[in-house]
Amino acid sequence: MLTVGIDIGTSAVKIILVDNGGRVLRTVSLDYPLYMYDDGRSEQAPEDWWQQTADGLREITAGVEVAAVSFSGQMHGLVLLDENDNVLRRAILWNDQRTIKQCDFLNNEVGREVLLENAANIALTGFTLPKILWVKANEPEIFKKVKKIMLPKDYIAYKLSSVFATDYSDASGMLMLDVKKQEWSQKILEIAGITQEQLPRLFHSYEAVGTVSPTAAAETGLSCDTKVVIGGGDQAVGAVGSGIVSAGMCSVSLGTSGVLFVASDNFAVDTSPAAIHSFCHATGRYHFMGVTLAAAGSHKWWTEEILAATDYSAEQENIDKIGKNPVYYLPYLSGERTPHNNPYARGAFVGMNMTTTRADMSQAVLEGVAFSLRDILTRVNALGASVTTARIIGGGAKSALWCQIIADILRLRVEKMQSDEGPAFGAAILAMVGAGAYRNVEEACAELIKITQTFTPNEENADEYDKRYPVYVGLYAALRGSFDEMAGI
């Protein structure tokens, strides 16, 4: 049995062909434009996602029969269709910052308590509901024409199957799902001024919603017998691809942003300002998630823009003060989501003196991101989780030094896996479950996920980081007023 995993990312679509033993047979990645503006807007054309996906499917499935396809998708993006299924405007993406006013309305006028009770999360600029309210206020003629509201990967699933569907994990990030009850929140829909008919039908991530339509078969080369399994949001599906499917298991994703994801059997809500997300998992249960917005993004910025270097490994060769570096780095280049929920926060280096070296600064960047991840872990454990092991993915995971620093600062066993396909591999696993190759997601992951490298905390270094962490925490508190002043608020 062959399955296909499709990851609708922010920069490209990645498609992999996988056999039921988990071997990746073919891979294709195709870019599409990203439209970003100085005022914080970030958009893409859904038609570009579809064109590149269709082209990639024709390439990757040539000469083979595929049993099922499934998806991972960038979360929160707003896709709007009219009654004739025409795209009404470019999709507003997860990293778009135009909705500060709408978030203030939701959090302060509607109220955090109402949001937490009905959607388990507070409003953030990345979420879908504030985007809907922005369109309603600023593009009323478009809002009047909206027949279908969907997320990025659901647009591709719709183009393939003609079934208007989404899954619980991705829907959790819309701020319109009652996460605990796993149903659309009528209270939130009333606030938004939309109807349930404008929203897709809800499925578990591993469920087939239909098969490939004749029109899509002609465009993609897939068979009309190929099952379309709905998949999920990129973080939940990436967690499946890492085997993070049992309570207490944790993944650390070191992409442009850094994500700490913890699987849970139990539902809980973070009522503190920390804004830990409580979402449905692709397994059918729940997960907690926090995001630091500039993880590998900080590393890239420091290495390429400031040092004007391209050899990341070389910049780490002289790092030799593990646990004892006097320099601190706050990784808030894009504001911060967890735990501060502050779009006005900014990056900072603190603690330099006349003996500070280039290596000290590079080390501080790695440590600052790890401290930010510890901020998230501290809040997640306060919700009742008990994490002992993290599996690490993303471009930053290529650095063994960074993996060790994260193990030391988080005091966790850190594991790397054989497959580095991430969300696309998780999507292929969901396709296998939807096609009947495995009984459930847990069984599939137990069979397919292989550990290749382990980093355990160095107790001496971990003790030193325990002493330094309160200093790191205090720096944000000390600088917060300055961030507000710089932003003019």
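Look up: the structure comes first, before these words.
Read on for an overview of the structure. Note that the structure is predicted; figures quoted are calculated from it, not measured. (Residues numbered from 1 in each chain as written. Predicted model: local features only at pLDDT ≥ 70, side-chain atom pairs only at ≥ 80, totals over all residues. Heavy atoms only, no water.)

**Details of the overall build of the protein chain**
Argument step 1. A count of helical and extended segments in the protein chain gives 16 helices and 25 strands.
Argument step 2. Relative to the globule expectation of 23 Å for 489 residues, the C-alpha radius of gyration of the protein chain, 22 Å, shows essentially globular dimensions.
Argument step 3. Overall, the C-alpha framework of the protein chain stretches about 70 × 50 × 45 Å when taken along its three principal axes.
Argument step 4. Within the span of the protein chain, comprising 489 residues, buried residues form 60% of the whole. (Helix = DSSP H or I, 4+ residues; strand = E, 2+ residues; numbered from the N terminus. Rg over C-alpha atoms; globule rule 2.2 N^0.38 Å. Buried < 20%, exposed > 50% of the residue type's maximum accessible area, 1.4 Å probe, protein only.)

**Some words on the sheet that holds strand β4 (residues 35–36)**
Argument step 1. The strand order β4-β5-β8 describes an open sheet built from 3 strands, whose pairing is antiparallel. Every interior strand has two partners, whereas the edge strands, β4 and β8 (91–92), have only one.
Argument step 2. Here strand β5 (residues 42–44) runs beside β8; their pairing, made up of 2 bridges, is antiparallel. Residue pairing in the sheet places glutamine 44 in a bridge with alanine 91 of β8. (Pairing = 2+ DSSP bridges.)

**Some thoughts on the nonpolar core**
The nonpolar side chains of a soluble globular protein tend to be buried, and buried together.
Argument step 1. Residues Ile149, Met176, Trp184 and Ile194 are the most contacted members of the largest nonpolar core, which totals 75 residues.
Argument step 2. The biggest single contributor to this core is helix α14 (residues 423–435), with 8 residues.
Argument step 3. The residues touching methionine 176, leaving out its near neighbours within four places in the chain, are Leu129, Ile132, Trp184, Ser185, Ile188, Leu189, Ile194 and Leu199.
Argument step 4. If you look at the next biggest cluster of nonpolar residues, it comprises 46 residues, including Ala348, Ala370, Leu377 and Ala385. (Core = buried A, V, L, I, M, F, W, Y, C linked by side-chain atoms within 4.5 Å. Contact = heavy atoms within 4.5 Å.)

**A closer look at the packing of aromatic side chains**
Two descriptors summarise a pair of aromatic rings, namely the distance from one centre to the other and the angle between the planes of the rings.
Argument step 1. Enumeration over the complete set of coordinates arrives at 13 aromatic pairs.
Argument step 2. Among the aromatic side chains, those forming a connected cluster through ring pairs are Trp301, Trp302, Tyr329 and Phe349.
Argument step 3. Taking NZ or CZ as reference, lysine 148 lies 5.8 Å from the ring centre of phenylalanine 164, over its face.
Argument step 4. Its end group placed over the ring of tyrosine 328, arginine 468 keeps NZ or CZ at 4.4 Å from the ring centre. (Phe/Tyr/Trp six-rings, centres within 6.5 Å; stacked < 30°, edge-to-face > 60°. Lys NZ or Arg CZ within 6 Å of the ring centre and 35° of its normal.)

**Regarding the packing of helix α12 (residues 358–382) against helix α16 (residues 459–487)**
Each pair of packed helices gets described by two things: the angle between the helix axes and the distance between those axes.
Argument step 1. At a minimum axis separation of 11 Å, α12 and α16 run at an interaxial angle of 85°. The orientation of α12 relative to α16 falls into the category roughly perpendicular. Of the residues in α16, those touching α12 at Gln363, Glu367, Gly368, Phe371, Ser372, Arg374, Asp375 and Thr378 are Tyr465, Asp466, Arg468, Tyr469, Tyr472 and Val473.
Argument step 2. A per-class count over the contact of α12 with α16 returns 5 nonpolar, 4 polar and 5 charged. (Axes fitted to C-alpha atoms, helices over the stretch in contact; angles between N-to-C directions. Parallel < 35°, antiparallel > 145°, perpendicular 65-115°, else oblique. Nonpolar A, V, L, I, M, F, W, Y, C, P; charged D, E, K, R; others polar.)

**Focus on α14**
Argument step 1. Here α14 is 13 residues long and its end C-alpha atoms lie 18 Å apart, about the 18 Å a rise of 1.5 Å per residue gives.
Argument step 2. Taken across its 13 residues, α14 has 13 buried, putting it largely inside the fold.
Argument step 3. One or two residues past the end of α14 sits glycine 436, with phi positive at roughly 95°. (Expected span 1.5 Å × (residues − 1).)

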